[in-house]
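Per-entry structural report
So you can see what is in the structure, the chains are spelled out below.
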Amino acid sequence: MKRSLSIVLLLVACAGLLLVAGACSKSSGPEAQELWTCPMHPTYITDHPGTCPICNMTLVRKVTEKAPTPAGAAAATGERRILFYRNPMNPGVTSPTPAKDEMGMDFLPVYAEDAAASPGGAGSAGSAGIAGHAAVEVSEEGVRLGGVGTATAKLGRLARTTRASGSVVADERLRVRAQSKISGWVEKLDVSATGQYVRRGARAMAVYSPALLAAQSEYLLARDAANRFAGSQLPEVRRGGQDLLVSARRRLELLDVPESFIAELDRTRTAQRTVDLLVPASGFVSEKAVTLGQEIVPGMDLYTVTDLSRVWVEAAFYESEARALVVGREAEIVLPFDPGKRLNAKISYIYPTVDAQARTLTARFELPNPGFTLRPGMFVDIELAIDLGEAVLIPESAVLDSGLRKIVYVETAPGRFEPRDVTVGERSGGSIQVIKGVAAGEQVAVKANFLLDAESRIGGATLPAAAAPGDAP
């Protein structure tokens with residue numbers, strides 16, 4: 001009897017142990033829990049609400065799932081397999097086990113299915129040939145909360161206006177300098193001041209010159225001889241007297257004696273003490289080197305006359321704008337003292353040299369100057385319209401320029417953004433030319449693309465072969 005009671009008690013104890021073990025096994029298994037995640041960084045998961053440590057966005061409730069499997073564990077139960085953990089602030093720093101960075105932030109798990117699904121995930125070279133970048137998939141709620149906006153790449157013409165400052169200068173071809181061809185003294189001076197307007201053919205000065213006085217006397221003698229020889233019966237004599245008169249007259253003309261003075265000399269048959277020298281061209285006296293009573297010598301500069309009926313405008317353009325400078329291209333000239341008045345002009349010449357200090361190229365415009373409105377030394381504004389031709393155009397905000405490359409995020413499917421390395425051209429009016437990388441009709445991200453770029457870099461960070469110095473253990 002006692003032996004039977006002992007056997008019964010032993011069986012009851014074993015059954016109790018089995019129940020306790022089953023209860024412990026059930027309590028130690030994975031339990032369902034409420035999780036929270038970031039709409040822009042779905043790899044960040046936590047068990048409590050808050051904000052994302054990467055972009056500071058409010059976390060949203062995630063579909064209830066079992067606790068993640070530790071790194072390296074087999075996915076026999078259908079759970080997501082973790083490849084490694086990544087620093088949320090520095091994706092290049094990874095760890096095979098859970099860790100924290102220097103600020104106490106938990107490393108984020110990288111799952112095998114996420115890395116395999118991402119074209120630029122761990123172990124790949126990146127999407128569209130961009131190393132370190134991956135395509136980004138964002139839910140509709142993530143697009144809304146992140147403020148991601150898109151625009152359509154369009155085929156169109158791009159034009160812009162280049163503006164430069166120019167200065168008015170005198171036309172060098174309309175500048176005349178008067179020089180002395182004789183020795184003498186100035187006894188009358190009509191060109192008396194710089195800036196004076198003079199007309200061609202007016203008297204500039206009266207000069208007493210012994211050489212001119214002797215030339216007049218020779219002319220009068222030759223004239224008398226020609227008259228006497230005119231009645232000779234010998235043709236050679238008549239011809240000789242006429243040749244002598246022509247030579248004497250030619251000498252006076254070469255010494256700048258006016259025709260009117262020679263005609264008066266023929267009429268009076270008396271040599272004059274002074275000879276009038278005439279103004280060679282109409283314009284303004286820009287330089288004057290002679291004064292009343294001054295002695296002059298051959299080759300001496302007397303004065304300079306500048307015609308301002310036509311002027312030049314010279315403007316400096318940057319080297320980057322050199323291809324827009326074409327001879328014959330029209331521009332508008334705006335006067336600073338009269339902004340409402342615009343003058344049309346064309347590029348007449350492009351100087352062959354570049355200013356070594358300012359790195360600018362100079363273009364010349366020619367235009368008429370009625371009323372002498374444009375004065376040498378005056379500054380004006382140049383507006384040069386440039387047609388850049390037809391090309392694919394996108395908003396400037398769509399391009400992320402790192403200095404080494406220019407990246408655009410293209411929406412290849414709803415919520416899926418692919419990074420593209422693009423080649424861009426000119427910019428104008430908020431648009432930019434795309435030479436290579438984006439086709440007309442594609443959608444590009446123009447708002448919050450910096451968030452897409454951050455997520456793309458995180459997804460494109462590769463698992464290093466060996467832990468780098470400073471990586472978490």
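Attention in this report is confined to the structure presented alongside it. (Residues numbered from 1 in each chain as written. Predicted model: local features only at pLDDT ≥ 70, side-chain atom pairs only at ≥ 80, totals over all residues. Heavy atoms only, no water.)

A separate point is the packing of helix α4 (residues 210–229) against helix α6 (residues 259–268). α6 packs onto α4 with a crossing angle of 55° between their chain directions and a minimal axis gap of 11 Å. Taken together, α4 and α6 sit at an angle that is classed as oblique. Crossing angle aside, the handedness with which α4 passes α6 is right-handed. Counting all contacts with α4, which are made through Q216, Y219, L220 and R223, the residues of α6 involved are F261, I262, L265 and D266. Considering only residue class, the contact of α4 with α6 consists of five nonpolar, one polar and two charged. (Axes fitted to C-alpha atoms, helices over the stretch in contact; angles between N-to-C directions. Helix = DSSP H or I, 4+ residues; strand = E, 2+ residues; numbered from the N terminus. Parallel < 35°, antiparallel > 145°, perpendicular 65-115°, else oblique. Left-handed = near helix turned anticlockwise from the far one by under 90°. Contact = heavy atoms within 4.5 Å. Nonpolar A, V, L, I, M, F, W, Y, C, P; charged D, E, K, R; others polar.)

Time to look at the side chain of R364. Along the chain, the position of R364 falls in strand β21 (residues 360–368). For the buried R364, no salt bridge is present, and the opposite-charge side chain at shortest range is E314, 4.5 Å distant. Only 3.0 Å separates the side chain of R364 from the side chain of Y351, close enough to count as a polar contact. Setting aside residues no more than four positions away along its own chain, R364 makes contact with W312, V313, K346, I347, S348, Y349 and Y351. (Buried < 20%, exposed > 50% of the residue type's maximum accessible area, 1.4 Å probe, protein only. Lys, Arg positive; Asp, Glu negative; His and termini not counted. Salt bridge = Lys/Arg side-chain N within 4 Å of Asp/Glu carboxyl O. Polar contact = N/O pair within 3.5 Å; in protein donor to acceptor, adjacent residues only side chain to side chain.)

One non-glycine residue, D256, lies in positive phi territory at about 65°. On the accessibility criterion, D256 (34% relative accessible area) is partly exposed. The backbone phi angle of R269 is positive, close to 55°, even though this residue is not glycine. As for its position among the elements, R269 is in the loop between α6 and β14 (274–278).

Our focus in this paragraph is the packing of helix α5 (residues 235–254) against α6. Two numbers describe a pair of packed helices, the interaxial angle and the distance between the axes. Where α5 meets α6, the closest approach of the two axes is 10 Å, and the angle between their N-to-C directions is 140°. Considering their axes alone, α5 and α6 lie oblique with respect to each other. By crossing handedness, the relation of α5 to α6 is classed as right-handed. Within the contact between the two elements, α5 uses R249, L252 and E253 and α6 uses E259, I262, L265 and D266. Each residue belonging to the contact of α5 with α6 can be placed in one class, and the counts come to three nonpolar, no polar and four charged.

Bringing the sheet that holds strand β10 (residues 175–179) into the picture now. Strands sit in the order β10-β17-β15-β12 across an open sheet of four strands; the sheet is antiparallel. Because the sheet does not close on itself, it has two edges, and the strands there are β10 and β12 (197–198). Relative to strand β15 (residues 283–288), β12 runs antiparallel, the two being bridged by two bridges. Its bridge partner being in β15, Y197 is matched across the sheet by F284. (Pairing = 2+ DSSP bridges.)

A separate point is α5. Side chains that are three or four residues apart share a direction in an α-helix, a result of its 3.6 residues per turn. The end-to-end C-alpha separation of α5 is 28 Å, in line with the 28 Å expected for 20 residues at 1.5 Å each. Those residues of α5 lying buried are G241, L245, A248 and L252. With its buried residues spanning 65° around the axis, α5 presents them on a single face. Backbone geometry just downstream of α5 places D256 in the positive-phi region, at approximately 65°. (Expected span 1.5 Å × (residues − 1). Arc of directions from axis to C-beta.)

Applying the stated criterion across every chain, the model contains 27 salt bridges. A salt bridge links R223 to D266; the nearest nitrogen and oxygen atoms lie 3.5 Å apart. Separated by 43 residues along the polypeptide, R223 in helix α4 and D266 in helix α6 bring together distant segments of the chain. Close ionic contact of R249 with E259 constitutes a salt bridge, the shortest N to O distance being 2.9 Å. Here E259 lies in helix α6 and R249 lies in helix α5, a separation of 10 residues in the sequence. Taking relative accessible area as the criterion, E259 reaches 44% and is therefore assigned partly exposed. Salt bridges sharing partners connect three or more residues here, namely R223, R249, R250, E253, E259 and D266.

A few words on the sheet that holds strand β13 (residues 203–208). Judged by pairing direction, the sheet is antiparallel, and its four strands sit side by side in the order β14-β13-β11-β16 without closing on themselves. For this open sheet the edge positions go to β14 and β16 (295–296), each flanked by a neighbour on one side alone. Sheet analysis places strand β11 (residues 184–189) next to β13, joined by four bridges and oriented antiparallel. In the strand pairing of β13, K188 is matched with A206.

When you line up the elements, G149 lands in strand β8 (residues 149–152). Taking the relative accessible area as the measure of exposure, G149 reaches 14% and is therefore buried. Residues G149 and A445 lie 296 residues apart in sequence; the distance between their C-alpha atoms is 5.7 Å. Ignoring any residue separated from it by four or fewer positions in sequence, one finds G149 in contact with V444, A445, V446 and K447.

Next up on the list: the packing of aromatic side chains. For the structure on display, the rule yields five aromatic pairs. Both rings, one in Y197 and one in F372, keep their centres 6.3 Å apart while their planes meet at 50°; by these two values the pair is tilted. Of this pair, Y197 sits in strand β12 while F372 sits in the loop between β21 and β22 (379–395); the two residues are 175 residues apart in sequence, bridging distant segments of the chain. Classification of Y197 by relative accessible area gives partly exposed; the value is 36%. Where Y349 meets Y351, the ring centres are 5.3 Å apart and the plane angle is 80°; that geometry is what we call edge-to-face. The partly exposed category is assigned to Y349, whose relative accessible area is 35%. A relative accessible area of 22% places Y351 in the partly exposed class. Following the ring pairs from residue to residue traces out a cluster consisting of Y197, F284 and F372. The side chain of R273 reaches across the aromatic face of Y208, ending 4.4 Å from its centre. In this arrangement the basic side chain of R364 is found over the ring face of W312, its NZ or CZ atom lying 3.8 Å from the centre. (Phe/Tyr/Trp six-rings, centres within 6.5 Å; stacked < 30°, edge-to-face > 60°. Lys NZ or Arg CZ within 6 Å of the ring centre and 35° of its normal.)

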